[in-house]
Amino acid sequence: QVQLVESGGGLVQAGGSLRLSCAASGRTFSNYAMGWFQQAPGKKREFVAGITRGGGSTYYTDSVKGRFTISRDNAKNTVYLQMNSLNPEDTAVYYCAARYALIGNPTPTTPTAYDYWGQGTQVTVSS
């Protein structure tokens, strides 16, 4: 089992920034590709960003490219999502997720591909 705990959400004005963190425990963190997803009220959970187990490759949905940055620190068992230039459309609950991956595997973008999930952290962007 992998336990994931997100933190860093909150209320921010449009144009502001937040940094989400996701702390992992339970298994060898560096064996897992990690992803961030968002879920707005009434909408399905959607891929935001992903990172391979070693951190060498990152993936983003088009709407956040140039504004969000995913990173990880395998020594601290933590993955981050730096969110800049936030706008009200970014308002959602943000979840981190882990997927066991072999070296070189790309990070999937579909929620069903992930094995473990955190409880989510609310991000609200006011206009």
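Rules used throughout
Within each chain, residue numbers correspond to sequence positions counted from 1 in written order. Under the rules for a predicted model, residues below a pLDDT of 70 receive no local features and side-chain atom pairs below 80 are neither given nor counted, while totals for whole chains, interfaces and linings still include all residues. Each side-chain value is worked out from all heavy atoms of the structure, with water and hydrogens disregarded. A pair of strands is treated as paired once DSSP finds two or more bridges between them. A run of H or I in DSSP counts as a helix once it spans at least four residues, and a run of E counts as a strand once it spans at least two, with each numbered from the N terminus. Convention adopted: a line fitted to C-alpha atoms gives each axis, helices being fitted over their contacting stretch, and angles between N-to-C directions are expressed from 0 to 180 degrees. Disulfides are defined in this document as cysteine sulfur pairs within 2.5 Å.

Participant: A description of the sheet that holds strand E3 (residues 18-25) should follow, citing residues and the corresponding values.
Facilitator: Overall, antiparallel pairing links the 4 strands, which are arranged E1-E3-E8-E7 in an open sheet. Looking at which strands have only one partner, the edges of the open sheet turn out to be strand E1 (3-7) and strand E7 (68-73). Each adjacent strand pair in this sheet contributes to an overall mean axis angle of 15°, direction not counted. Pairing of E1 with E3, which is carried by 5 bridges, proceeds in the antiparallel orientation.

Participant: Break down the state of the cysteines for me, citing the residues and quoting the values.
Facilitator: Taken as a whole and judged by the stated rule, the model has 1 disulfide. Through a disulfide, Cys22 is tied to Cys96; the S-S separation comes to 1.9 Å. Between Cys22 and Cys96 the disulfide shows an S-S torsion of about 45°. By sign, it is right-handed. With Cys22 in strand E3 and Cys96 in strand E9 (residues 92-100), this residue pair connects regions lying 74 residues apart in the sequence.

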